[in-house]
Amino acid sequence: MNISIVGTGYVGLVSGACLADRGHKVACVDIDKRKVDLINSAQAPIHELGLPELLKRNVGARLSATTDLAAAVTGSDITFIAVGTPAIDGHIDLRFVEQAAAEIGRAMRDKKSYHTLVVKSTVIPGTTDGVVRQSAEKASGKVAGRDFGLGMNPEFLTEGRAIEDFMTPDRIVIGGIDRRSQDVLQSVYASFDKTPVIRTNCRTAEMIKYASNSLLATMISFSNEIARLCSAVGDIDALDVMRGVHQSLYLTSYVENKEPVKAALSSFLEAGCGFGGSCLPKDVTALVAQGADLGIPTPVLNAVLDVNRNQPEEMVRLVTKHFPDLRGVKTTILGLAFKPDTDDIRESPAFPIIRLLRSAGADITAYDPIARPENHEGLAGVRLAQSLPDALKQAQVVMLVTRWQQFEDVAGELAKLGLNPLVVDGRRVLDESAFKCYEGIGWRRLATPHAGRPS
Ligand code: NAD
């Protein structure tokens, strides 16, 4: 099929490259010419495992990028909208989606053949059938369902393993305003014939995405709340608690003579310094706002956001236990990306932690193996280190924020430097016994331990 994708970010580019690899002819559209030029020279504008190889294989053959939206729409049968949907004042900002829908509508005006417009961006229920339909109809002078197709196809990929997620999806949600829209959309995924498909209307498709992200966020905040209780009581390790919870039949499958299989969902039941990224915080916020607009209280989701907002303070509290006065204390933040294996720093917990440390007067150094944002306002006054040893030299406090694999050897690097700083483990990946002074989320050793650390 001939496909165009408007918005060539993490979702648009990965979707475009994967669909091209599956044999479609794909034009990726973006207003950012730098991205377009990079893609056309087969270079990845984002850090994503496997993406450079996919671009090398497909650019110039089935994949191209352009700033010319009208030409891309005219030359394709179906257009996906994959632009950003940030939160603004606690509500979803649909500006980019509306703008894209209107531009696609203008391009459809003179098009003779049937075209299908599909929203892939995460949008609040009612958007595709509401503002997207209105914008596209107004700009095209055509009627959705009669003259063109309209669908909603949420994306579930996770940054850091986005290619694998897209190529072997756990589900494909096909939302459409009518059967024809659904059929055209589903034919894009014809080669994914082993994947369960859910055919439904656009609003349900939209809500599936919000419900999925809200569940993951809820599990994270639940784990962090339990972790707080564990460390408040003392001598309870939240990691062991969750290990015990994981063994439940609900989360682990046991088949006789086979290794137990833990549900991947279990990875969201772990204490940490909070969720971030371009999806969970803004999506839960948008759903809460929709509830408020509808007069439907969302106490569970409100609490999920509250717990998450407080998690950076919990990290800093572990530091001030040892350094009540942080003025001039040399503090190293390990990790700026919101999760490992990506360069995405949007809503990363590192930034509220840095804000709190800065207002307390700490002398901050930050290091991330991939995410090196230049001139980022959240990093004003922060020294950006070039390597792990460079980040650790002179540190009095080390705070592990992102679970990058190379940070697991912090103990070895500190030993080489002959340093014994306070280490605050925000992801519980370090071995406490390797440090003289250690604090971890969800673990507090009592001054007079009852029976030592469990396990
Ligand atoms: P992004 O910010 O990385 O990319 C958006 C791109 O759209 C940018 O390159 C921007 O220049 C471009 N753009 C904006 N307006 C445009 C226009 N009118 N014409 C052409 N290009 C335009 O965003 P993203 O992370 O890829 O997210 C896109 C959507 O997918 C969001 O709704 C997000 O919630 C959802 N989503 C993201 C992920 C993820 O892991 N990033 C996963 C699932 C769903």
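All values derive from a computational prediction rather than experimental measurement. As a convention, each chain's residues are numbered from 1 in the sequence order in which they are written. Predicted model: local features are reported for residues with pLDDT of at least 70 only, side-chain atom pairs are reported and counted for 80 or more only, and whole-chain, interface and lining totals are derived from all residues. The basis for every side-chain value is the complete set of heavy atoms in the structure, and neither hydrogens nor water enter the calculation.

*Asks:* Explain helix H2 (residues 33-40) to me, using residue names and the numbers behind them.
*Replies:* The cut-offs for exposure are 20% and 50% of the maximum accessible area for each residue type, with area from a 1.4 Å probe on protein chains only; residues under the lower value are buried, those over the upper are exposed, and the others partly exposed. Helix and strand definitions here come from DSSP, where helices need a minimum of 4 consecutive H or I residues and strands a minimum of 2 consecutive E residues; each element is numbered from the N-terminal end. Those residues of H2 lying buried are Lys35, Val36, Leu38 and Ile39. When H2 is viewed along its axis, its buried side chains cluster within an angular range of 165° and face the same direction. Relative to its buried face, H2 has exposed residues pointing more than 90 degrees away, namely Lys33 and Arg34. It only takes one pair of heavy atoms within 4.5 Å for two residues to be counted as in contact. The elements touched by buried residues of H2 are helix H1 (10-21), helix H3 (51-58) and strand E3 (63-66). For this analysis, a polar contact is any N or O atom pair within 3.5 Å, provided that within protein one partner can donate a hydrogen and the other can accept it, and provided that sequence-adjacent residues contribute only side-chain to side-chain pairs. The residue sitting at the N-terminus of H2 and contributing the capping side-chain oxygen is Asp32; that oxygen lies 3.1 Å from the backbone nitrogen of Arg34. Looking one or two residues beyond H2, the residue adopting positive phi is Ala42, at roughly 60°. Here the arc refers to the directions that run from the helix axis out to each C-beta atom.

*Asks:* If you had to explain the pattern of salt bridges to someone new, which residues and values would you point to?
*Replies:* Just to be clear on terms, a salt bridge is a Lys or Arg side-chain nitrogen sitting within 4 Å of an Asp or Glu carboxyl oxygen. For the structure on display, the rule yields 25 salt bridges. Note that Glu270 and Arg403 form a salt bridge whose closest N and O atoms lie 3.5 Å from each other. Highlighted residues: Glu270 in the loop between strand E12 (261-262) and helix H11 (280-294) and Arg403 in the loop between strand E16 (397-400) and helix H15 (410-417), separated in sequence by 133 residues. Given a relative accessible area of 26%, Glu270 falls into the partly exposed group.

*Asks:* I'd love a proper account of the nonpolar core, names of residues and values included.
*Replies:* In this structure, Ile333, Leu334, Leu336, Leu357 and Met399 are the most contacted members of the largest nonpolar core, which totals 50 residues. Element by element, the count of residues in this core is highest for helix H13 (residues 350-359), at five residues. Those residues in contact with Leu334 that sit more than four places away from it in its chain are Tyr367, Leu388, Ala391, Leu392, Val398, Met399, Leu400, Val401, Thr402, Phe407 and Val410. Put simply, a nonpolar core is a bunch of buried Ala, Val, Leu, Ile, Met, Phe, Trp, Tyr and Cys residues held in one set by side-chain atoms that sit within 4.5 Å of each other.

*Asks:* Can you tell me about the sheet that holds strand E18 (residues 437-440), naming the residues and giving the values?
*Replies:* Backbone hydrogen bonds are what pair the strands of a sheet, in a parallel or an antiparallel way. Between any two strands, at least two bridges found by DSSP are needed for them to pair. Ordered in space as E15-E14-E13-E16-E17-E18, the six strands form an open sheet in which the pairing is parallel. Of all strands in the sheet, those with a lone pairing partner are strand E15 (383-384) and E18, marking the two edges. Two elements, strand E13 (residues 330-334) and strand E14 (residues 363-367), share five bridges in a ladder whose sense is parallel. Along E14, the bridge assignment pairs Lys330 with Asp363. To obtain an axis, a line is fitted to C-alpha atoms, over the contacting stretch when the element is a helix, and the angle between two such axes runs from 0 to 180 degrees between their N-to-C directions. This element, H13, spans E13, E14 and E16 of the sheet and lies at about 175° to E13.

Scope: geometric values only; no functional claims are made or implied.
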